[in-house]
Amino acid sequence: MPPHLGDSHRRFLQSMMSNSVMDEQQARLYTSQCVPDKLDDFIETINSKLQPMFMQIRKGMSEDNGQQYYALVNMAETDVTRMSSDYADNELELFRKTMDLIVSSENGKVSSTDVLNVADTLTIKKLKKSEAEQVLNRLVQDKWLNEKRGEFSLSIKCIIEMEPYIRRMYEDQLKMCHICHNVAFQCQICDSPTCGIKIHNPCVARYFKGRVEPRCPACDEFWPYEIPGN
Ligand SMILES: [Zn+2]
Ligand SMILES: [Zn+2]
């Protein structure tokens, strides 16, 4: 018999439906009363009930702070068109082009200047600079993009909810983290031309923590970057 949902499962699910993402600490508050430290099992139980509805609670790591987050994902619709009730077609085209720029960048970020330049090349209907700025603000407010010092990156909500779409769309361009094996946007890349492995910034911080002379885990060459958090 499949496991049934208790009150804490239901409360957790309700909270997931009203918050777009939840961090691990918040999630643990719901599990502490029933099954301490079994967050994965707890979520697995809920997911077994959600599966027939093509819904799933998925986990992902924030590339900014390295924390785990959870989001409720509609697996039947993980692409950008799911945002079409909130955004016009040309606004979604701007978002897609922003995503293109982020995915093809070295560091997983794109400057607002570069995004505003593509606003001029939209095929559906061009956006004025001020209109494009407003769209970007909304995308940040709705937690699809993060903005820091005039640069945009994909939010954790976007990465968790759209990962299947991102993998499909950008198959050949995607970088994978050598440590956690997930898709990586903001990462460091091994300098050695024959190696070139990628590691998320938070995974770099964890992996090299306390090492005096950091070396690439794949080719053993010196790791020449600043280690975040050291
Ligand atoms: Zn990683
Ligand atoms: Zn290497």
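Residues numbered from 1 in each chain as written. Chains lettered and ligands numbered in written order. Predicted model: local features only at pLDDT ≥ 70, side-chain atom pairs only at ≥ 80, totals over all residues. Heavy atoms only, no water.

The line we're drawing: UniProt positions are given in the numbering used here, feature names are shortened, and annotations may be inferred rather than shown by experiment.
As recorded in an unreviewed UniProt entry, the chain goes by the name Non-structural maintenance of chromosomes element 1 homolog, listed as coming from Periophthalmus magnuspinnatus. The record in UniProt for the chain states the following under Function (unreviewed entry): "RING-type zinc finger-containing E3 ubiquitin ligase that assembles with melanoma antigen protein (MAGE) to catalyze the direct transfer of ubiquitin from E2 ubiquitin-conjugating enzyme to a specific substrate. Involved in maintenance of genome integrity, DNA damage response and DNA repair." The UniProt entry for the chain carries this comment under Catalytic activity (unreviewed entry): "S-ubiquitinyl-[E2 ubiquitin-conjugating enzyme]-L-cysteine + [acceptor protein]-L-lysine = [E2 ubiquitin-conjugating enzyme]-L-cysteine + N(6)-ubiquitinyl-[acceptor protein]-L-lysine."

Remarks on the overall build of the chain
Where we set the bar: Strands here mean DSSP runs of E at least two residues long; helices mean DSSP runs of H or I at least four residues long; both are numbered from the N terminus. Only protein chains enter the area calculation, which uses a 1.4 Å probe; residues under 20% of their type maximum are buried, those over 50% are exposed, and those in between are partly exposed. In what follows, a contact means two residues having at least one pair of non-hydrogen atoms within 4.5 Å. The protein chains shown are the only cover counted for residues, whose accessible areas, like all others here, come from Shrake-Rupley with a 1.4 Å probe. For this count, His and the chain ends are skipped, Lys and Arg are scored as positive, and Asp and Glu as negative. Positions of charges follow a simple convention, taking NZ of Lys, CZ of Arg, CG of Asp or CD of Glu.
Helix and strand content of the chain: 8 helices and 10 strands. With the C-alpha coordinates of the chain rotated into their principal frame, the extents come out at 55 × 50 × 30 Å. Split into buried and exposed, the 230 residues of the chain put 43% on the buried side. Look at the contacts in the chain between residues 6 or more apart in sequence, and 52% of them connect residues 24 or more apart. Of the roughly 12900 Å² of accessible surface on the chain, 47% is carried by carbon and sulfur atoms. Distance from the positive charge centre (28 side chains) to the negative charge centre (33 side chains) of the chain: 3 Å.

As for the coordination of the zinc ion (ligand 2)
Defined as follows: With water excluded from the atoms, a metal site may look incomplete; its donors are any N, O or S atoms within 2.8 Å, or within 3.2 Å for Na, K and Ca. Every angle between 85 and 135 degrees makes a four-donor site tetrahedral, while opposite donors more than 155 degrees apart, with all other angles between 65 and 115, make a four-donor site square planar and a six-donor site octahedral; other sites are irregular.
For the zinc ion (ligand 2), the full set of protein donor atoms is Cys190 (SG), Cys195 (SG), Cys216 (SG) and Cys219 (SG), and the range of their distances to it is 2.3 to 2.4 Å. Note that the zinc ion (ligand 2) binds 4 donor atoms; their angles at the metal cover 105 to 113 degrees, and the shape is tetrahedral. Of note, the donors binding the zinc ion (ligand 2) are all from one chain and are spaced C-x4-C-x20-C-x2-C. Here Cys195 is found in the loop between β9 (187–189) and β10 (198–200), whereas its partner Cys219 is found in the segment after α8 (201–208), with 24 residues between them in sequence. Judged by its relative accessible area of 22%, Cys195 is partly exposed. We classify Cys219 as partly exposed; its relative accessible area is 28%.

Some remarks on the sheet that holds strand β1 (residues 22–23)
Each strand in a sheet pairs with another by means of backbone hydrogen bonds, the pair being arranged parallel or else antiparallel. Rules: The criterion for strand pairing is that DSSP finds at least two bridges linking the strands in question. Axis angles are defined between N-to-C directions and span 0 to 180 degrees, where every axis is a line fitted to C-alpha atoms and, for a helix, only to the segment in contact.
What the 3 strands build is an open sheet, ordered β1-β3-β2; its pairing is antiparallel. Here the strands that pair on one side only, and so sit at the sheet edges, are β1 and β2 (55–61). The sheet contact formed by β2 and strand β3 (residues 68–74) spans 7 bridges and is antiparallel. If you follow Gln56 over to β3, its bridge partner there is Val73. Taken strand by strand, helix α7 (residues 156–169) contacts β2 and β3, and its axis lies near 45 degrees from that of β3.

Some words on the coordination of the zinc ion (ligand 1)
For the zinc ion (ligand 1), the full set of protein donor atoms is Cys177 (SG), Cys180 (SG), His200 (ND1) and Cys203 (SG), at a range of 2.0 to 2.4 Å. One can describe the site at the zinc ion (ligand 1) as tetrahedral: its 4 donor atoms subtend angles covering 96 to 118 degrees at the metal. In the primary structure, the donors to the zinc ion (ligand 1) are separated according to the pattern C-x2-C-x19-H-x2-C. With Cys177 in the loop between β7 (175–176) and β8 (183–184) and His200 in strand β10, this residue pair connects regions lying 23 residues apart in the sequence. Overall, the relative accessible area of 2% leaves Cys177 in the buried class.

A word on the nonpolar core
What counts is decided by this rule: We define the nonpolar core as a collection of buried residues of types Ala, Val, Leu, Ile, Met, Phe, Trp, Tyr and Cys that are connected through side-chain atoms lying within 4.5 Å of one another. These domain boundaries are the output of an automatic or database domain assignment.
In this structure, Phe95 and Met99 are the most contacted members of the largest nonpolar core, which totals 33 residues. Mapped by element, the contributors of at least two residues to this core are α4 (89–104), α5 (112–119), α6 (129–141), β6 (151–154) and α7. Broken down by element, this core gets its largest block of residues, 6 residues, from α4. Formed jointly, this core draws a minimum of three residues from each of two domains, domain 2 (80–169) and domain 3 (174–230). Setting aside residues no more than four positions away along its own chain, Met99 makes contact with Val80, Leu154, Cys158, Met162, Tyr165, Ile166 and Tyr170.

Digging into unusual backbone geometry
Phi angles above zero are rare outside glycine, and Lys143 is one such case at about 65 degrees. On the secondary structure map, Lys143 appears in the loop between α6 and β5 (145–148). One non-glycine residue, His181, adopts positive backbone phi at about 65 degrees. Among the structural elements, His181 can be located in the loop between β7 and β8. Residue His181 is classed as exposed on the basis of its relative accessible area of 58%.

Structural notes on the environment of Ser155
Locating Ser155 in the fold gives a position in the loop between β6 and α7. Sequence separation between Ser155 and Trp223 is 68 residues, and the spatial gap between their C-alpha atoms is 27 Å.

Topic: the packing of α4 against α7
So the rule is basically this: Throughout, the term roughly parallel applies to angles under 35 degrees, roughly antiparallel to angles over 145, roughly perpendicular to angles from 65 to 115, and oblique to all others. Classification convention: Asp, Glu, Lys, Arg as charged; Ala, Val, Leu, Ile, Met, Phe, Trp, Tyr, Cys, Pro as nonpolar; all other residues, Gly among them, as polar.
α7 packs onto α4 with a crossing angle of 85 degrees between their chain directions and a minimal axis gap of 14 Å. With respect to α7, the axis of α4 lies roughly perpendicular. Touching Phe95, Arg96 and Met99 of α4 are Cys158, Met162, Tyr165 and Ile166, all from α7. Among the residues making up the contact of α4 with α7, the classes are represented as 6 nonpolar, no polar and 1 charged.

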